[in-house]
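Observations on the three-dimensional arrangement
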There are 2 protein chains.
Amino acid sequence: MNITVLGAGLVGSAIVEDLTQEIDFCVTAVDVNPAVLQALTAEIPVRRICADVREPGRVAEVVADADLVICAVPGYMGFETLQRIIEAKKNVVDISFFPEDAFLLDDLAKAQSVTAVVDCGVAPGLSNIIAGYVDTQLDALDRFLCYVGGLPAIRQWPYEYKAVFSPIDVLEEYTRPARFVEYGQEIIRPALSDPELLDFPGVGTLEAFNTDGLRTLQRTLDAPFMKEKTLRYPGHIHLMRVFRESGFFDAAPVDVGGVSVRPIDLTSKLLFDRWRPQPGEEDFTVMQVIVEGERAGRRVRHTYDLLDRYDRATQTTSMARTTGYTATIIARQVLRGQFTQKGICPPEFIGRTPGCYADLLAGYAKRNIHLTETIVDL
Amino acid sequence: MNITVLGAGLVGSAIVEDLTQEIDFCVTAVDVNPAVLQALTAEIPVRRICADVREPGRVAEVVADADLVICAVPGYMGFETLQRIIEAKKNVVDISFFPEDAFLLDDLAKAQSVTAVVDCGVAPGLSNIIAGYVDTQLDALDRFLCYVGGLPAIRQWPYEYKAVFSPIDVLEEYTRPARFVEYGQEIIRPALSDPELLDFPGVGTLEAFNTDGLRTLQRTLDAPFMKEKTLRYPGHIHLMRVFRESGFFDAAPVDVGGVSVRPIDLTSKLLFDRWRPQPGEEDFTVMQVIVEGERAGRRVRHTYDLLDRYDRATQTTSMARTTGYTATIIARQVLRGQFTQKGICPPEFIGRTPGCYADLLAGYAKRNIHLTETIVDL
């Protein structure tokens, strides 16, 4: 079977390496940057295409012989790339996390009879799958709460944070108001609000704060309480609030000695140097999802804990592992016909499909990613 | 007697108002900004001259009939203005706190038979006078330590600081390496280093850090241990270290989307808005000077504590009171011939002159500024 991976960056390369383990997969990696393609391990059997998929007709060309496409391009070009893949009638698993509403492509995907799984990483991704899965286990799901963070193993003063993507995208998380749901109503709070300290076994104390991370769940899950919070080492968000409140994240230009500068541009430039992970720098992913509801007349709480670490053997970051392997496992479910729903499918649809959740856990376990489930009566 | 005050800003205006209380003083205020001159209380008997003393010959012109000049211009133009005053053969008390070495003008001042008291504020200023005074009280002075800060009475997140001058001058304190003396050797440490928490009665806990504030004392006081530290509310210097270490105080230009910007310029611009005191905003000045040495074979410690607050009746900031009134009291000592030394005279020379220290305390007391002295045997 032919699989084309668009984007062979940090996550894309982990996806390519995972797929090429499968003897009957023929994998093609596409990237605009030849250095990125050259960096793919020389021994792995992958066809390398250097191309800019933003060029007209280029997506149709590179996915022409694909049985499935995995889209791992940067977020800002994700929506349009996904549209081109769907127009080419190709099933697709997307981890570009674009800001647009994926459901705008739902009619197109259905008309093309295409399965387009979007947001297929960790959170969004695994967190949505858990929501969908638990929804099928309960008579009524009324509370969904997700804490998630990707952090460097070594804490370095003062930020104790490293950004895999451009800091300007991270800073967006620190400025965009956070939407969540309480008593069935949408609540909008400033980013970085409602800090709380939480202890995670094996990690220590982290600080959680509101981020705008519910995405499709706000539309697809009928629960009166839903919230996503991001995790950082304590102190990080204090600094981010100081920067934000002092105007360093402002996008409006400021006159500085006769030249016009957007403070956010200088800030992200200065922080980029400090937030860039060093080669081989170890990270981990921590996530806790709490889902509550009713089953057979009793209130229950399902808690899911994930703690995944950098893989020293393959030098693969935890961020790439947890995001990329979720995408490759779901891609296999689509390829083998285990998940067949047409249209735009956020991961909660996969969680609702019998067998898919268990298969995902089995796939994780093979890759040494362990999700623990705890169920208690309340 | 004619007194000319160059600069009628925040401190200059307090100086003018103090001098005009004296029936036999004829006071002239000179400023480049007409608004500043108009802001001087209408009732006070002062001659107002709007002039730019940077223009050639202008200083000589405006000080021509003066018996004494008080120089309260901005620091960057202080040295040259002082030179012009000395060339005009006028005794002068200077609070411009210029960065250049004042002693470069010592020969000129002596040749002109001029008394030029420099650095005549609180610290430098009062702290130097204390050092000079205690030096005359001890057989040997071996330790001088000064803690000083001017702070807003109301603490406002996140900086809990207001800058009376341009933030870029304050940021200079946070970047210029601090020089102090230990075991007779000059020690150079980074700015913001060696933070320590100290409790001040009536104020609470403040945080002290090294600043480059010894100035003339390093040359004029033969003590093996000398140090000055600046006080801020706890947490301020943490933020300043984060900014500095992240490059926001860098003076080297950075390319931001094609335009070249000095980070320090954007930073001081953004902080200026947040650090500007609001009209009527209350402040206080806190200072503790500790001097140790030998007297009659015993080790003694002299401790001097100052806590001065905003004057609501006259709406005068504590910073203007403590700086300006030190200058006006010393000016009177020069005018009445109590202090007659010629040349460049840092305030420690005044402290060493019999009677001057007691006269200063009496002058302070009249203006409701109280310095307490505590002497203990060690």
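So, here's what we can say about the structure. Every chain's residues receive numbers from 1 upward, in the order its sequence appears when written. The naming scheme follows written order: chains are lettered A onward, ligands numbered 1 onward. Given that the model is predicted, a residue must reach a pLDDT of at least 70 before its local features are reported, and side-chain atom pairs must reach 80 or more before they are shown or counted; all residues, however, enter totals for whole chains, interfaces and linings. The basis for every side-chain value is the complete set of heavy atoms in the structure, and neither hydrogens nor water enter the calculation.

A few words on the overall build of chain A. Within chain A, the secondary structure is distributed over 13 helices and 18 strands. Every radius of gyration here is taken over C-alpha atoms, with the globule rule written as 2.2 Å times N^0.38, N being the number of residues. The C-alpha atoms of chain A give 21 Å as radius of gyration, which agrees with the globular expectation for 378 residues (21 Å, within 12%). Each of the three principal axes of chain A carries a C-alpha extent, and together these read 65 × 50 × 40 Å. Here's how the labels work: a residue is buried when its accessible area is under 20% of the maximum for its type, exposed when over 50%, partly exposed in between, all with a 1.4 Å probe on protein chains only. Relative to its full complement of 378 residues, chain A shows a buried share of 56%. In this description, contact between two residues means that some pair of their heavy atoms is separated by no more than 4.5 Å. When contacts within chain A are restricted to residue pairs at least 6 apart in sequence, long-range pairs at least 24 apart make up 66% of them. Computed over 38 positive and 52 negative side-chain charges, the separation of the two mean positions in chain A equals 1 Å. Under the DSSP-based scheme used, a helix requires at least four consecutive residues in state H or I and a strand at least two consecutive residues in state E, with every element numbered from the N terminus. For the purpose of counting charges, residues Lys and Arg are taken to be positive, whereas Asp and Glu are taken to be negative. His and the chain ends are not included. For charged residues, the charge sits on one atom: NZ in Lys, CZ in Arg, CG in Asp, CD in Glu.

Here we take up unusual backbone geometry. Between A:Ala123 and A:Pro124 the backbone carries a cis peptide bond, its omega angle lying at 5°. As for its position among the elements, A:Pro124 is in the loop between β6 (115–117) and α6 (126–137). For the bond from B:Trp157 to B:Pro158, the omega torsion is 0°, close enough to zero to count as cis. By the secondary structure assignment, B:Pro158 is in the loop between β7 (140–152) and α7 (167–173). With a phi close to 50°, B:Tyr183 is a non-glycine residue in the positive phi region. Given a relative accessible area of 65%, B:Tyr183 falls into the exposed group.

Now for the nonpolar core. The criterion is simple. A nonpolar core is a set of buried Ala, Val, Leu, Ile, Met, Phe, Trp, Tyr and Cys residues joined through side-chain atoms within 4.5 Å. Of all hydrophobic cores here, the largest spans 92 residues; its most connected members are B:Leu6, B:Leu82, B:Val117, B:Ile130, B:Phe144, B:Met287 and B:Ile344. Per-element accounting of this core gives the leading share, nine residues, to helix α11 (residues 318–335) of chain B. Core analysis: the next-biggest nonpolar cluster, separate from the first, contains 90 residues, A:Ile86, A:Val114, A:Val118 and A:Phe339 among them.

Before going further, it helps to examine the pairing of strand β10 (residues 196–200) of chain A. When a strand is regular, its side chains alternate between the sheet's two faces. Bridge analysis of β10(A) against strand β11 (residues 204–210) of chain A gives five bridges, and the strand direction is antiparallel. Its bridge partner lying in β11(A), A:Leu198 is registered against A:Leu206. Strand pairing is assigned whenever DSSP identifies at least 2 bridges connecting the two strands.

A least-squares fit on C-alpha atoms brings the copies together, and the residues used are those whose pLDDT is at least 70 in both copies. Here chain B sits on chain A after a turn of 180° about the axis and a move of 0.0 Å along it, with an RMSD of 0.0 Å. When the rotation and shift are considered jointly, the pair of chain copies conforms to a two-fold rotation axis. Of the interface residues in chain B, 100% have counterparts in chain A that sit at the interface too, so the contact is made through matching surfaces.

Moving on, we get to the interface of chain B and chain A. One widely used convention gives an interface's size as the accessible area the parts lose upon coming together. Taken together, the contacts link 26 residues of chain B with 26 residues of chain A. Two parts placed together each lose some accessible area under a 1.4 Å probe, and adding up what both lose gives the buried area. Three residues, B:Trp157, B:Phe248 and B:Leu266, lead the burial of chain B against chain A; their summed loss comes to 25% of the area buried on that side. In what follows, salt bridge is the name for a side-chain nitrogen of Lys or Arg lying within 4 Å of a carboxyl oxygen of Asp or Glu. Across the contact surface, chain B and chain A share zero salt bridges. As used in this structure description, the phrase polar contact means that two N or O atoms lie within 3.5 Å; if the pair is within protein, one of them must be able to donate a hydrogen and the other to accept it, and residues adjacent in sequence are counted only when both atoms belong to side chains. Our count for the contact surface shared by chain B and chain A stands at eight residue pairs in polar contact (both at pLDDT 80 or more). Elements with a minimum of two residues in the side of chain B that touches chain A: α9 (236–245), β13 (254–256), β14 (259–261) and α10 (263–275) of chain B. Residue contributions to the side of chain B that touches chain A peak at eight residues, all from α10(B). Classifying every residue of the side of chain B that touches chain A gives 15 nonpolar, five polar and six charged. Only Asp, Glu, Lys and Arg are considered charged in this grouping, and only Ala, Val, Leu, Ile, Met, Phe, Trp, Tyr, Cys and Pro are considered nonpolar; every other residue, Gly among them, is considered polar.

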